[in-house]
Amino acid sequence: MKSIICPFCENTDFISVCRINLGGLSEREVVRCTNCRLAFVNPLPTEDELQRFYVQQYFLSDDPRWGFCNYFANRKSQYLQGRIIARRLRRWKPHGRVLDVGCATGFLLEGIRDHCTWEVFGIEISEWAVKIARTQLGLNVTLGTLEKAEFPDNFFDIILLNDILEHVRDPLQFLTTVYARLASGGKVFLRVPNGRCDILPFVQDYQKGYVRVQTQAHLYYFEPEVLQRILIAIGFRIDQVTGYGLKAGLKDLGILRRKTQVFEKTNLQQAQSETIISDKKHGLLEEWGYRLTHLPVLPFLRSFAHELHIWAQKI
Ligand SMILES: [Zn+2]
């Protein structure tokens, strides 16, 4: 594999981890840098291929090879997460600017907007999702990528990266842009799958002789320590790292038994009818239910958690 250069440490020595089917695109290899342990899909898909992937089908698919079966089913939990983030913003300062990168239909931003006085911005590459965010939720959402958007440097107080970093072609360049767009002292929040767990079902299936479909098109697999080193190298100070979903992580690792995945099918008409419902009265019970299912695990168990939540500050 002489042609690959590690985007983080520039090492040229890699091991092959497994092969995956990148959700309807094609079969690819996953490689890991022998020096810094960064793992990613090789070759990476082109921008055009990715653009084709994140069409409406990614959010509302009846084909299990694509992203979400029904993105609207996430509305309530996304809204509640927004409410929790709004509380954190209010505690920090009364006014500010928050950007959600890859905001999809804007459900999280909706939760933030409704519970604090911060100015909310979104950016999203799916034209279909942007249209819903603008017309149905009245949000200020830009179509495109962060790198190409005309936001000034030192502009945002908070940038949210929910399940984004594992999808971008060049996470180092992307995080450098995030750093530039943040005001001094500004904070970035990252929610990323724990690469150590995320890749394991694919490795296990590959060892059994078949190539599993990666429905979410994750291009990178960040182990907690690797991602923290990357953030520090860019200039961030790590404020908080939390691991969530210990049970799911242990299932990935094969310590708990994993049930066969069932793909729920839905149709577009049914999903669209759900968007008309403007139920904003999400009760406390749901919020506590959400919190209880996302209790942070002890720090030493972090490497077994399915998902990582990281707060880092521009210094
Ligand atoms: Zn490396």
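Because the structure is predicted, anything quoted here is derived from the model rather than measured. (Residues numbered from 1 in each chain as written. Predicted model: local features only at pLDDT ≥ 70, side-chain atom pairs only at ≥ 80, totals over all residues.)

1. With respect to the overall build of the protein chain
Here comes step 1: In terms of regular secondary structure, the protein chain is built from twelve helices and twelve strands.
Here comes step 2: Sequence-distant contacts in the protein chain: of pairs separated by 6 or more residues, those separated by 24 or more amount to 70%. (Helix = DSSP H or I, 4+ residues; strand = E, 2+ residues; numbered from the N terminus. Contact = placed C-beta atoms within 7 Å.)

2. A word on unusual backbone geometry
Here comes step 1: Backbone torsion omega between Asn 42 and Pro 43 reads -5°, so that peptide bond is classified as cis.
Here comes step 2: Relative to the helices and strands, Pro 43 is located in the loop between β3 (39-42) and α1 (47-53).
Here comes step 3: For Arg 37, which is not a glycine, the phi torsion comes out positive at approximately 75°.
Here comes step 4: Within the element layout of this structure, Arg 37 appears in the loop between β2 (26-33) and β3.

3. Some points on the sheet that holds strand β7 (residues 156-162)
Here comes step 1: Overall, mixed pairing links the seven strands, which are arranged β6-β5-β4-β7-β8-β12-β11 in an open sheet. The open sheet has two edge strands with one neighbour each: β6 (141-143) and β11 (236-244). Here the average twist between neighbouring strands, direction ignored, is 15°.
Here comes step 2: Taken together, the seven bridges between strand β8 (residues 182-193) and strand β12 (residues 307-314) define a ladder with antiparallel strand orientation. Within β12, the residue paired with Arg 191 across the bridge is His 309.
Here comes step 3: Lying over the sheet, helix α6 (residues 171-181) contacts β7, β8, β11 and β12, oriented at roughly 145° with respect to β8. (Pairing = 2+ DSSP bridges. Axes fitted to C-alpha atoms, helices over the stretch in contact; angles between N-to-C directions.)

4. Let's talk about the nonpolar core
Here comes step 1: Core analysis: the largest hydrophobic core is formed by 71 residues, its most contacted members being Val 30, Phe 40, Val 98, Ile 112 and Ile 159.
Here comes step 2: Once residues within four sequence positions are removed from consideration, Phe 40 is found in contact with Val 30, Val 31, Leu 219, Tyr 220 and Tyr 221. (Core = buried A, V, L, I, M, F, W, Y, C linked by C-beta atoms within 7 Å. Buried ≥ 20, exposed ≤ 12 C-beta atoms within 10 Å, placed from the backbone.)

5. Here's the deal with the sheet that holds strand β1 (residues 14-22)
The strands that make up a sheet pair up through hydrogen bonds in the backbone, lying either parallel or antiparallel.
Here comes step 1: Reading across the sheet, the five strands line up as β9-β1-β2-β3-β10 and stay open at both edges, with mixed pairing between neighbours. Among the strands making up the open sheet, the edge pair consists of β9 (213-214) and β10 (220-221).
Here comes step 2: As paired strands, β1 and β9 are joined by two bridges and run parallel to one another. For Asn 21, the partnering residue across the bridge sits in β9 and is Val 213.
Here comes step 3: The strands that helix α8 (residues 200-207) touches are β1 and β9; relative to β1, the one it contacts most, it runs at about 90°.

6. So, the pairing of strand β5 (residues 119-124)
Here comes step 1: Burial runs high along β5: five of the six residues are buried.
Here comes step 2: Summarising the sheet, strand β4 (residues 97-101) and β5 pair through five bridges and their orientation is parallel. Bridge pairing in β5 links Val 98 to Val 120.
Here comes step 3: Read as a crossover between parallel neighbours, the route from β4 over helix α4 (residues 107-113) to β5 is right-handed.
Here comes step 4: Looking at chain direction, β5 and β6 are connected through three bridges and run parallel. (Right-handed = clockwise from strand over helix to strand, strands pointing away.)

7. Section: the pairing of β1
Here comes step 1: Two strands pair when backbone bridges link them, and β1 and β2 are joined in this way by eight bridges, in the antiparallel orientation. Note that in β2 the partner of Phe 14 across the bridge is Cys 33.

8. Brief notes about the confidence of the model for the protein chain
Here comes step 1: Summing up the model confidence of the protein chain, the mean pLDDT is 81 and the portion of residues at 70 or higher is 74%.
Here comes step 2: In the model of the protein chain, helix α11 (residues 268-276) stands out as the element of lowest mean pLDDT, 35, in contrast to β4, which has the highest, 98.
Here comes step 3: Residue range residues 260-297 is modelled with pLDDT below 50. Its contacts to residues more than four positions away, or to other chains, number 37 contacts. (pLDDT = per-residue confidence, 0-100.)

9. Observations concerning the packing of α6 against helix α9 (residues 224-234)
Here comes step 1: Put simply, α6 and α9 touch, their axes get as near as 10 Å, and they point 50° apart. Here α6 is positioned oblique relative to α9, judged by the angle of their axes. Both α6 and α9 take part in a crossing whose hand is right-handed. Residues Leu 172, Leu 175, Thr 176 and Tyr 179 of α6 pack against Ile 230, Leu 231 and Ile 234 of α9.
Here comes step 2: Among the residues forming the contact of α6 with α9, the class breakdown is six nonpolar, one polar and no charged. (Parallel < 35°, antiparallel > 145°, perpendicular 65-115°, else oblique. Left-handed = near helix turned anticlockwise from the far one by under 90°. Nonpolar A, V, L, I, M, F, W, Y, C, P; charged D, E, K, R; others polar.)

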